[in-house]
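One letter stands for each residue in the lines below.
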Amino acid sequence: MITEIAPAPERAAAEPARPGGKRRAWDEVPRWQIYVPLTVYLLFTLIPFYWILLFALRPAGSTSLVPWPMTFEHFEKVWTERSFGTYFTNSVYVGLATLVLTTVIALAGGYALARFDFRLKRGFMLALLCSQFVPGALLLVPLFQIFANLRMINSLGSVVIAETVFQLPLSMILISGFIRNVPYSLEEAAWVDGCNRLTGFRIVVLPLLRPGLIAVGSFAFVHAWNHFLFALMFLSDQGKQTIPVGLNILMSSDSVDLGALAAGGIIAAVPVVIVFAFIQKWLITGFSAGAVKG
């Protein structure tokens, strides 16, 4: 039995064809239903940023809604009088050291997980995943005891090690997924050409992992830059504190200087914004590559 296909309604035939012959889902939605929610969300996001800029740039005691006359006295005050220059240097050291350690160790561990089979491999991967459900506060007591025995309390190295330990499980899982996306035959071809495993990995595989390494390293840096708990617990000398602890010191004083607090918040946020602005392309490429397999 042959069933005749009914012709399409005349209304659909009369509609103008889109390039490529496909209709977009949002063509039938009025434009105001798209732009109005986006505008509201944009205002909801940007108004707090404008408010913090207003407090940081207008003179002390001013109630103007426009930062004019503009002043940078709050930035100078927190940078010199409130030791934010020292906090900034310490945060840069902790962030960069955590980035390097996390990336190097996770690269070695991720390669082992991606290229070698060993007993309890699935159990080890499950343990790495489960470790992400453990809050950082639960690590404070054992880490503090270890660092006290090693005489590393009040040392930036203790914060770097703690941040690296906290970042490693997820970083190893991500990098192992990136390495699985690189064909094993490329390494085998390098071995045939006379390279050993390390040289073949450095020449063939490592350049292909650049988006993934940038993604993992950037998140390790940002987390170490913003993390408050480890620096608060392991560092007692004010000259070794980091930016998040410095902001907490500003809020813990008897009278909160809103201008200085706003300036300190901007100083803390600018490096993170710059990092994401420069690595945005690599970040999206890296996580889309790691989402295919692994």
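Cut-off values and rules
Residues numbered from 1 in each chain as written. Predicted model: local features only at pLDDT ≥ 70, side-chain atom pairs only at ≥ 80, totals over all residues. Heavy atoms only, no water. Helix = DSSP H or I, 4+ residues; strand = E, 2+ residues; numbered from the N terminus. Buried < 20%, exposed > 50% of the residue type's maximum accessible area, 1.4 Å probe, protein only. Expected span 1.5 Å × (residues − 1). Bend = angle between axes of the 7 residues up to and from the residue. 1 Å grid on protein atoms, 1.4 Å probe; cavity = no way out; pocket = protein on both sides within 12 Å on 5 of 7 lines; lining within 4 Å. Points joined across faces, edges and corners; volume = space filled by probe spheres on them. Nonpolar A, V, L, I, M, F, W, Y, C, P; charged D, E, K, R; others polar. Core = buried A, V, L, I, M, F, W, Y, C linked by side-chain atoms within 4.5 Å. Contact = heavy atoms within 4.5 Å. Phe/Tyr/Trp six-rings, centres within 6.5 Å; stacked < 30°, edge-to-face > 60°. Lys NZ or Arg CZ within 6 Å of the ring centre and 35° of its normal. Salt bridge = Lys/Arg side-chain N within 4 Å of Asp/Glu carboxyl O. Axes fitted to C-alpha atoms, helices over the stretch in contact; angles between N-to-C directions. Parallel < 35°, antiparallel > 145°, perpendicular 65-115°, else oblique. Left-handed = near helix turned anticlockwise from the far one by under 90°. Polar contact = N/O pair within 3.5 Å; in protein donor to acceptor, adjacent residues only side chain to side chain.

Unlike most non-glycine residues, leucine 120 shows phi in positive territory, near 60 degrees. Inspection of the secondary structure assignment puts leucine 120 in the loop between α4 (84-115) and α5 (121-130). For leucine 120, a relative accessible area of 72% puts it in the exposed group. The phi angle at asparagine 154 is positive, at roughly 65 degrees, despite the residue not being glycine. By the element assignment, asparagine 154 lies in the loop between α6 (140-149) and α7 (156-180).

When the terminal C-alpha atoms of α7 are compared, their 35 Å separation across 25 residues agrees well with the 36 Å that a helix rising 1.5 Å per residue should span. By the largest-angle criterion, leucine 168 marks the main kink of α7, which is about 45 degrees, and a proline, proline 169, follows within four residues. Summarising burial for α7: 18 of the 25 residues are buried, a large majority.

Attention now moves to empty space enclosed by the protein. Per the counting criterion, the structure on display carries one cavity of 30 Å³ or more. Contributing to the lining of the largest cavity are Ser91, Val94, Val159, Glu163, Ala224, Trp225, His227, Ala231 and Thr242. For the lining of the largest cavity, the secondary-structure elements that each account for two or more residues are α4, α7 and α10 (210-226).

This part is about the layout of surface pockets. Put simply, the largest pocket is a space of about 320 Å³. Surrounding the largest pocket, 17 residues form its lining, Gln132, Phe166, Gln167, Pro169 and Leu170 being those nearest its centre. Contributions of two or more residues to the lining of the largest pocket are made by α7 and α10. When residues of the lining of the largest pocket are assigned to their parent elements, the largest contribution, seven residues, is made by α7. Looking at the lining of the largest pocket, its residues break down into twelve nonpolar, five polar and no charged. Roughly 180 Å³ of internal volume is contained in the second largest pocket. As for the second largest pocket, its lining consists of Phe49, Ile52, Leu53, Gly265, Ile266, Ala269, Val270 and Val273.

Counting residues in each nonpolar core, the largest one holds 21 residues, and the members touching the most others are Ile175 and Leu209. Excluding its chain neighbours within four sequence positions, the residues that come into contact with leucine 209 are Leu107, Phe178, Ile179, Val182 and Phe201. Counting 20 residues, the second-largest nonpolar core is a separate cluster that includes Phe75, Ile243, Leu250 and Ile266.

Attention now moves to the packing of aromatic side chains. Going through the model one piece at a time under the given rule, you end up with 13 aromatic pairs. Residues tyrosine 184 and tryptophan 191 carry aromatic rings whose centres are separated by 5.6 Å and whose planes lie at 85 degrees to one another, so their mutual orientation is edge-to-face. Since its relative accessible area comes to 32%, tyrosine 184 is described here as partly exposed. Grouping aromatic residues by their ring pairs yields a cluster made of Phe144, Phe147, Phe166, Phe230 and Phe234. When the ring centre of phenylalanine 55 is taken as origin, the NZ or CZ atom of arginine 58, which lies over that ring, is 4.7 Å away.

With that settled, consider the pattern of salt bridges. Under the counting rule described, the total for this entry stands at two salt bridges. A salt bridge links glutamate 187 to arginine 115; its shortest N-O distance comes to 2.6 Å. Here the residue glutamate 187 occupies a position in helix α8 (residues 184-192), and arginine 115 occupies one in helix α4, the gap between them amounting to 72 residues. Looking at glutamate 187, the relative accessible area reads 0%, which means it is buried.

A word on the packing of α7 against α10. Following both chains from N to C, one finds α7 and α10 inclined at 165 degrees, their axes separated by 10 Å at the closest point. Classified by the interaxial angle, the pair formed by α7 and α10 is roughly antiparallel. Relative to α10, the crossing made by α7 is right-handed. Note on element contacts: α10 touches α7 through Gly212, Leu213, Val216, Phe219, Ala220, His223 and Ala224, opposite Glu163, Phe166, Gln167, Ser171, Leu174, Ile175 and Phe178. Across the contact of α7 with α10, the residue classes break down as nine nonpolar, four polar and one charged.

Quick look at the side chain of histidine 227 now. Among the secondary structure elements, histidine 227 is positioned in the loop between α10 and α11 (229-234). Looking at histidine 227, the relative accessible area reads 17%, which means it is buried. Side chain to side chain, histidine 227 and glutamate 163 meet in a polar contact 2.9 Å long. Ignoring any residue separated from it by four or fewer positions in sequence, one finds histidine 227 in contact with Glu163 and Pro244.

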